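Secondary and tertiary structure notes
The lines below spell out each chain.
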Amino acid sequence: ESQTPRVTDPPTLQPAEGGHRALTAHGAPDITRFLLRTAELLHAYGTPAHRLERVIVKLAAGAGQQVQVFSSPTSIFLGFDGAQTGTGVRLLRVQPGGVDLGRLVVMDEILEEVEDQNLSHAAALERMEAMHAAPTRGGGITSLIGHALAAGAAAIFFGGCLADALLSAAVGLV
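Residues numbered from 1 in each chain as written. Predicted model: local features only at pLDDT ≥ 70, side-chain atom pairs only at ≥ 80, totals over all residues. Heavy atoms only, no water.

Section: the overall build of the chain
Our working rule: Helix and strand definitions here come from DSSP, where helices need a minimum of 4 consecutive H or I residues and strands a minimum of 2 consecutive E residues; each element is numbered from the N-terminal end. Any two residues whose heavy atoms approach within 4.5 Å at even a single point are treated as in contact. Each accessible area value is a Shrake-Rupley result obtained with a 1.4 Å probe; residue values ignore everything except the protein chains displayed when judging cover.
The number of helices and strands found in the chain is six helices and five strands. Ordered by position from the N terminus, the helices and strands of the chain form the series β-β-α-α-β-β-β-α-α-α-α. For the chain, restricting intrachain contacts to residue pairs at least 6 apart in sequence, the fraction spanning at least 24 positions comes to 49%. When the accessible surface of the chain is totalled, it reaches about 10,100 Å², and 59% of it is carbon and sulfur.

Some points on the layout of surface pockets
Quick reminder of the rule: Cavity and pocket criteria rest on a 1 Å grid covering protein atoms alone: a 1.4 Å probe that fits but cannot get out defines a cavity, protein on both sides within 12 Å along at least 5 of 7 lines defines an open pocket, and an atom within 4 Å of a point defines a lining residue. Grid points are joined across faces, edges and corners, and a volume is the space filled by probe spheres set on the points.
The computed volume of the largest pocket comes to approximately 360 Å³. The wall of the largest pocket is formed by 16 residues, among which K58, L59, L111, E112 and E115 lie closest to the centre. If you list the elements that add at least two residues to the lining of the largest pocket, you get α2 (49-62) and α3 (101-115). A total of six residues in the lining of the largest pocket trace back to one element, the largest contributor, which is α2.

Put into structure tokens, the structure is as follows:
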């Protein structure tokens, strides 16, 4: 199971000097919460940094907002500058995770619907949270069988006999 942290204190907009709005903690607009959580989940599911950054910038631009993104294995920085998002920088501390292709496919489908304006940011957040809370497909016994089969096949590939393949498959179960 993925242990992705949630954005617990999303930013909100408060009037600042010069009439601009600044990011503070508590109750962010939908677009800001959407961008933060999207970045978090894309990172958790193994999206490469360059793609994560490009997707977040594109989603923000589609909503008429500007954002600068920097992603590393343990943190994501988002710099906001827009009428809805306000001006400010958010740091998300994240843990490196493995690649979850199934969830990345679902994320892509959700993000395409947002991009096509068939899904609101709030509705997209709900779908992403539901997907994230759902159990991972193919875990447990499926993964165990896959490891055993891969180990057995590797023994045959390297010229082993049936006994070698069976022994390798047994070791693959461990």
